[in-house]
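Observations on the three-dimensional arrangement
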Amino acid sequence: MKLLALNCNQCGAPLEVPAKAKFVTCNFCSTQLSVQRTDKVAYTEAIEEIQERTRQMSEDLKHLKKQSAVEDLDRSWRRRREQFMVRSQQGELNVPSKAMATAIGTVTTIGGLLWMWFAMNIGAPGPFPLFGVFFIGTGIFGAMRMSAKADDFRRSHRAYLSKRHDLLS
Ligand SMILES: [Zn+2]
């Protein structure tokens, strides 16, 4: 039988291994070794190390997958967030909020009341004071819509955060 002269890669002891053997146990340190062959050389490697390397690789792969899933989620949330944005009177983009809804409702109600008070005071004819009612109605409608949008946004944001949390845990 042809023998290969190798060394244990744990303790360095010389080993004689049958040419076709895949595994061998070191006589000196009892490490279980795998016989690796390339075109030109043969060498031994501790089986535990191979297992550890394989485990590490699959761990790394899992980590990478997780990372890219989180990045995808973040990207899609940024897009969704942009769709929610509303432009303020100062021209800035903001996410919808209850405070914004309250501000719209308050400003238009006060404006409408002032209009009615003013129109009646100057004795404007019939329909003019009523425009104030229309103004207030439009404002309240706008406030309700903004409030619904704010709820919608909060729900979406919460869903995004909990999904992200699940991905990371
Ligand atoms: Zn050894």
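Residues numbered from 1 in each chain as written. Predicted model: local features only at pLDDT ≥ 70, side-chain atom pairs only at ≥ 80, totals over all residues. Heavy atoms only, no water.

What follows is about helix H2 (residues 98-121). Within an α-helix, residues lying three or four positions from one another point in the same direction, as the helix has 3.6 residues per turn. Between its first and last C-alpha atoms H2 spans 34 Å; for 24 residues at 1.5 Å apiece the expected length is 34 Å, and the two agree. Ala-101, Gly-105, Thr-108, Gly-112, Met-116 and Ala-119 are the residues of H2 that are buried. Each element contacted by the buried residues of H2 is listed here: helix H3 (127-168). After H2 finishes, the residue Gly-123 shows a positive phi value of roughly 70°. (Helix = DSSP H or I, 4+ residues; strand = E, 2+ residues; numbered from the N terminus. Expected span 1.5 Å × (residues − 1). Buried < 20%, exposed > 50% of the residue type's maximum accessible area, 1.4 Å probe, protein only. Contact = heavy atoms within 4.5 Å.)

The next subject is the coordination of the zinc ion. In the first shell of the zinc ion, the protein supplies Cys-8 (SG), Cys-11 (SG), Cys-26 (SG) and Cys-29 (SG), at 2.3 to 2.4 Å from the metal. Every donor counted, the four donor atoms about the zinc ion form angles of 107 to 113° at the centre, which fits tetrahedral coordination. Each donor residue of the zinc ion belongs to the same chain, with the gaps between them written as C-x2-C-x14-C-x2-C. (Donors = N, O, S within 2.8 Å, 3.2 Å for Na, K, Ca; no water. Tetrahedral: all angles 85-135°; square planar, octahedral: opposite > 155°, others 65-115°.)

For the rest of this paragraph, the subject is the domain arrangement of the chain. For the chain, the assigned domains read domain 1 (3-52) and domain 2 (61-168). Placing the centre of domain 1 and that of domain 2 at their C-alpha centroids yields a distance of 70 Å. (Domains from an automatic or database assignment.)

One finds Leu-6, Cys-8, Ala-13, Leu-15, Val-17, Ala-21, Val-24, Cys-26, Leu-33, Val-35 and Ala-46 forming the largest nonpolar core, which totals eleven residues. Every element with two or more residues in this core is listed here: strand S2 (14-18) and strand S4 (32-37). Every residue in contact with Cys-26, bar those within four places of it in the chain, is listed here: Cys-8, Cys-11, Ala-13, Leu-15, Thr-31 and Leu-33. Formed by five residues, the second largest nonpolar core is a distinct cluster that contains Leu-73, Phe-84, Phe-153 and Tyr-160. (Core = buried A, V, L, I, M, F, W, Y, C linked by side-chain atoms within 4.5 Å.)

What follows covers the packing of helix H1 (residues 47-84) against H3. Taken N-terminus to C-terminus, the directions of H1 and H3 make an angle of 175°; their axes are 10 Å apart at the nearest point. In terms of axis orientation, H1 runs roughly antiparallel to H3. On the side of H1, the interface is formed by Lys-66, Ala-69, Val-70, Leu-73, Asp-74, Trp-77, Arg-80, Arg-81 and Phe-84, while H3 contributes Lys-149, Asp-152, Phe-153, Ser-156, His-157, Tyr-160, Lys-163, Arg-164, Leu-167 and Leu-168. (Axes fitted to C-alpha atoms, helices over the stretch in contact; angles between N-to-C directions. Parallel < 35°, antiparallel > 145°, perpendicular 65-115°, else oblique.)

Let's shift gears to unusual backbone geometry. With phi around 65°, Ser-30 is a residue other than glycine that occupies positive phi space. Mapped onto the elements of the fold, Ser-30 is located in the loop between strand S3 (23-25) and S4. Residue classification places Ser-30 among the exposed positions, given a relative accessible area of 53%.

The next point concerns the sheet that holds S4. Strand-to-strand pairing in sheets goes through backbone hydrogen bonds, with the strands running parallel or antiparallel. Strand order in this open sheet of three strands is S3-S4-S5, and the pairing throughout is antiparallel. Both outer strands of the open sheet, S3 and strand S5 (42-46), are each paired with one neighbouring strand and no more. Looking at each pair of strands side by side, their axes are set apart by 35° on average, direction ignored. In this sheet, S4 lies alongside S3 in antiparallel orientation, the contact comprising three bridges. Following the sheet pairing, Phe-23 is matched in S4 by Ser-34. The strands that H1 touches are S3, S4 and S5; relative to S5, the one it contacts most, it runs at about 75°. (Pairing = 2+ DSSP bridges.)

Now for the confidence of the model for the chain. On average, residues of the chain carry a pLDDT of 93, and 100% of them reach 70 or more. Highest mean pLDDT in the chain belongs to H1 (95); lowest belongs to strand S6 (residues 86-87) (88). (pLDDT = per-residue confidence, 0-100.)

Turning our attention to the packing of aromatic side chains. A full pass over the atoms with the stated rule returns four aromatic pairs. Residues Trp-77 and Tyr-160 carry aromatic rings whose centres are separated by 4.9 Å and whose planes lie at 10° to one another, so their mutual orientation is stacked. Placement of Trp-77 in helix H1 and of Tyr-160 in helix H3 is noted, with a sequence separation of 83 residues between them. Accessibility expressed as a relative area gives 13% for Tyr-160, which makes it buried. (Phe/Tyr/Trp six-rings, centres within 6.5 Å; stacked < 30°, edge-to-face > 60°.)

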